[in-house]
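As a plain string of letters, each chain reads:
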Amino acid sequence: MSELTYDSLMDDGNYLGSERARMENKVILDELERKKKARNLAVPTDDNKVKARLREIGEPITLFGERAADRRDRLIYVLSQINAARGDDHPMEEVSSEESEEEREEFYTEGSLELLQARRNLAEFSLPRAQKRVAQQRIDSKIPLGRIIDIRKKVFAGVKRFSNIGSQIGDERPISQVRFAPNNKILATGSWSSTIKLWNVPACTTIRTLRGHGDRVGGVAWHPQATLTQGEGLVNLVSGAGDMCVNLWSLNSDAPLSVMKGHADRICRVAFHPSGNFVASASFDTTWRLWDVNSSKELLLQEGHSKEVYAVEFQGDGALIASGGLDAVGRVWDLRTGRTAMVLDGHVQGIFGIDFSPNGYQIATGAGDDTIRIWDMRSLKALYTIPAHVSNVSDVRFFRADTLPSFKPKAESADVLMNGITEDADADKSHDAEDDIQEWKYRSGLYLASSGYDGYVKLWSADDWQLLRTLTTDSGKVMSVDLTSDGELLASSTYNRNFQLFAPEDVPV
């Protein structure tokens, strides 16, 4: 299969010309029209009134495990289905005043030529990555069920062996975020004391202290190739802080390479695009922004949240970005077009953590309602709700097997043939290596970690969303959590100025 690029992307005219395709398109368009009209339905927000309305139309007033927000969504769906079945003879209750129409009218702000070129570059970068990801998923779908069960058992058995290997005082004030470098040997910590520290792990010795912010650091993120192919003198790290600045850092200087200004309030989380050419920042000014790393210029100011934006994260392909706000709403944006791809509406308190699964279509959000919600972009709805912690969920991170580790050779067989020549085991070695690679690729995204203000770090399976392991810390509030790409270390930061390291009991550190 040839590599998919921006220039080679085209529509298949033969498919669109078939009768079956026309029917499928009609069904899709009818469903989109129904959803569009459903958004204009006048539905009460009071839960008791929602139950009364459901009783009136002969529907169950509640379902097992259904929350108030889910119940209201069900009422909207049922009413829209009733109106669609009536053929719109009974029009929906719509607000038809001219003022309301003007309020709902979409408006567009003309973008710069730099943003236009950036969108094209993002498309060219993301299309082949998405093609490779889908191709790998097709390969994974052909793995026998027995083999999948064996892989799950092996991976989850290792996850259940995680235990605390040490705690280190990291700063004078609470540590807001921890992130491992791509080589898994350096840990970056951002603190409320306005400093960023780099640590050797697991030795927990300080490498360097980065000073350049004037207020508490809200987020740190590594360049995708930092500590691998990226030079130490180039941009390796980004941070955002309460001084409303986004700083770019190298690894051989204590001062920032560049300071990017534009936000009107404190900055919380930041994220590096998988290409390494762009940075996103979430701010209390109710916007998130996209920055060009090479020119240190703001490319995009994106509104869309009614309250402060706290979390932001890129999809692995590089085509999408997700933002989470204190308005309890998350949004998925298509960076190539600027449009909203999905609204993550279901939490009842602010979203503090957000992350894309390596499979590209699932998203995890952690919020102040003590839950983690799993969203599926294919069905555009919440897939599962995890009652994760008994206090705020501060961070969520999927395990990403980005690097292929060096597998230890298995013990060679001592079988000897009758003529005294040792049996050639090359075929067996090759088969074992293929199995190891297959297992490693499949395990990416197989579990996730969460941290909460109840003082715990928890590990969850990412297929049936069950609790695998609960890890205790030395604080009442865990601020963030992260996993290495080799799966051998987990780090958490706490409100009492410490960070902790965890590792499977049988892994030498």
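Note that this is a predicted model, so its numbers are computed, not measured.

About the cut-offs
Residues numbered from 1 in each chain as written. Predicted model: local features only at pLDDT ≥ 70, side-chain atom pairs only at ≥ 80, totals over all residues. Heavy atoms only, no water. Pairing = 2+ DSSP bridges. Helix = DSSP H or I, 4+ residues; strand = E, 2+ residues; numbered from the N terminus. Axes fitted to C-alpha atoms, helices over the stretch in contact; angles between N-to-C directions. Phe/Tyr/Trp six-rings, centres within 6.5 Å; stacked < 30°, edge-to-face > 60°. Buried < 20%, exposed > 50% of the residue type's maximum accessible area, 1.4 Å probe, protein only. Lys NZ or Arg CZ within 6 Å of the ring centre and 35° of its normal. Left-handed = near helix turned anticlockwise from the far one by under 90°. Contact = heavy atoms within 4.5 Å. Nonpolar A, V, L, I, M, F, W, Y, C, P; charged D, E, K, R; others polar. pLDDT = per-residue confidence, 0-100. Salt bridge = Lys/Arg side-chain N within 4 Å of Asp/Glu carboxyl O. Expected span 1.5 Å × (residues − 1). Core = buried A, V, L, I, M, F, W, Y, C linked by side-chain atoms within 4.5 Å. Polar contact = N/O pair within 3.5 Å; in protein donor to acceptor, adjacent residues only side chain to side chain.

**Focus on the sheet that holds strand E23 (residues 447-452)**
Step number 1: Spatial strand order, E22-E23-E24-E25: four strands in an open sheet with antiparallel pairing. The open sheet terminates on both sides in strands that have one partner only, identified here as strand E22 (393-398) and strand E25 (467-472). Each neighbouring strand pair of the sheet contributes to a mean axis angle of 20 degrees, computed without reference to strand direction.
Step number 2: Bridging between E23 and strand E24 (residues 456-461) involves five bridges; their strand directions are antiparallel. Paired with Ser450 across the bridge in E24 is Lys458.

**Here we look at the packing of aromatic side chains**
Step number 1: A full pass over the atoms with the stated rule returns six aromatic pairs.
Step number 2: Ring plane angle 5 degrees and centroid distance 5.0 Å describe the contact between Phe399 and Tyr447, whose orientation is recorded as stacked. Of this pair, Phe399 sits in the loop between E22 and helix H8 (426-443) while Tyr447 is found in strand E23, placing the two residues 48 residues apart along the sequence. Tyr447 matches Phe399 in its accessibility class, with the two residues each being buried.
Step number 3: Taken together, the aromatic side chains of Phe399, Trp440 and Tyr447 make up a single cluster linked through ring pairs.
Step number 4: Above the face of the Trp192 ring, Arg216 is positioned so that its terminal group lies 4.2 Å from the ring centre.

**Thoughts on the packing of helix H3 (residues 47-56) against helix H4 (residues 68-85)**
Step number 1: For the pair H3 and H4, interaxial distance at closest approach is 10 Å and the crossing angle is 35 degrees. In terms of crossing hand, the pair formed by H3 and H4 is left-handed. When H3 is examined against H4, the residues Asp47, Val50, Lys51, Arg53 and Leu54 are found in contact with a partner set consisting of Ala68, Arg71, Arg72, Arg74, Leu75 and Leu79.
Step number 2: Classifying every residue of the contact of H3 with H4 gives five nonpolar, no polar and six charged.

**Examining the confidence of the model for the protein**
Step number 1: Chain-level statistics for the protein give a pLDDT mean of 87 and a share of 86% at 70 or above.
Step number 2: Taken as a whole, residues 12-16 scores under 50 in pLDDT and shows five contacts with residues more than four places along the chain or in a different chain.
Step number 3: When the criterion is pLDDT under 50, residues 408-418 qualifies, and its contacts beyond four places in sequence or with other chains add up to six contacts.

**Concerning the pattern of salt bridges**
Step number 1: As enumerated under the stated definition, the model contains 21 salt bridges in all.
Step number 2: Residues Arg67 and Asp369 are paired through a salt bridge, measuring 3.6 Å at the closest nitrogen-oxygen approach. With a gap of 302 residues between them, Arg67 in the loop between H3 and H4 and Asp369 in the loop between strand E19 (362-367) and strand E20 (372-376) connect regions that are remote in the sequence.
Step number 3: Connected through shared salt-bridge partners, Asp47, Lys51, Glu66, Arg71 and Arg74 make up one network.

**Topic: H4**
Step number 1: Under the 1.5 Å per step criterion, the end-to-end length of H4 is 26 Å for 18 residues, consistent within 8% with the ideal 26 Å.
Step number 2: All buried positions along H4 are accounted for by Arg71, Arg74, Leu75, Ile76, Val78, Leu79, Ser80 and Asn83.

**Quick look at the nonpolar core**
Step number 1: Val155, Tyr447, Leu459, Leu471, Leu483 and Leu490 are the most contacted members of the largest nonpolar core, which has 20 residues in total.
Step number 2: Contributing elements (two or more residues each) for this core: helix H7 (145-159), E23, E24, E25 and strand E26 (478-483).
Step number 3: Tallying contributions element by element places H7 first for this core, with four residues.
Step number 4: Counting residues in hydrophobic clusters, the runner-up holds 17 residues, among them Trp288, Leu299, Val309 and Trp333.

**Description of the sheet that holds strand E2 (residues 175-180)**
Step number 1: Read from one edge of the open sheet, four strands run E2-E3-E4-E5, paired in antiparallel fashion. Strands with a single pairing partner mark the edges of an open sheet, and in this sheet they are E2 and strand E5 (205-211). Pairs of neighbouring strands in the sheet enclose a mean axial angle of 20 degrees, with direction left out of account.
Step number 2: Here strand E3 (residues 186-191) runs beside strand E4 (residues 195-200); their pairing, made up of five bridges, is antiparallel. Directly across from Ile186, in E4, lies its bridge partner Asn200.

**Some remarks on the environment of Thr206**
Step number 1: With respect to the helices and strands, Thr206 occurs in strand E5.
Step number 2: Using a relative accessible area of 45% as the deciding quantity, one classes Thr206 as partly exposed.
Step number 3: C-alpha separation for the pair Thr206 and Leu187, spaced 19 residues apart in sequence, amounts to 9.6 Å.

**Examining the environment of Trp249**
Step number 1: By the element assignment, Trp249 lies in strand E8 (residues 245-249).
Step number 2: Separated by 26 residues in sequence, Trp249 and His223 have C-alpha atoms that sit 9.9 Å apart.
Step number 3: In terms of polar contacts, Trp249 uses its side chain to reach the side chain of Ser239, at 2.8 Å.

**Quick notes on the pairing of strand E21 (residues 381-386)**
Residues in a regular strand project their side chains so that they alternate between the two faces of the sheet.
Step number 1: Looking at chain direction, E20 and E21 are connected through five bridges and run antiparallel. For Arg373, the partnering residue across the bridge sits in E21 and is Thr385.
Step number 2: Counting the residues between successive antiparallel strands, the hairpin from E20 to E21 contains four residues, one of them, Leu380, with a positive phi of roughly 55 degrees.

**Here's the deal with the environment of Ile374**
Step number 1: Along the chain, the position of Ile374 falls in strand E20.
Step number 2: Looking at Ile374, the relative accessible area reads 0%, which means it is buried.
Step number 3: Sequence separation between Ile374 and Gln362 is twelve residues; the distance between their C-alpha atoms is 6.8 Å.
Step number 4: Aside from chain neighbours lying at most four places away, what touches Ile374 is Ile363, Ala364, Ala382, Leu383, Tyr384, Ile386 and Trp465.

**Notes on unusual backbone geometry**
Step number 1: Here the residue pair Val201 and Pro202 is connected by a cis peptide bond, since its omega of 10 degrees sits within 30 degrees of zero.
Step number 2: Assignment of secondary structure puts Pro202 in the loop between E4 and E5.
Step number 3: Non-glycine residue Thr286 carries a positive phi angle of around 70 degrees.
Step number 4: With respect to the helices and strands, the residue Thr286 is situated in the loop between strand E11 (278-283) and strand E12 (288-292).
Step number 5: Phi angles above zero are rare outside glycine, and Leu380 is one such case at about 55 degrees.
Step number 6: Using a relative accessible area of 46% as the deciding quantity, one classes Leu380 as partly exposed.

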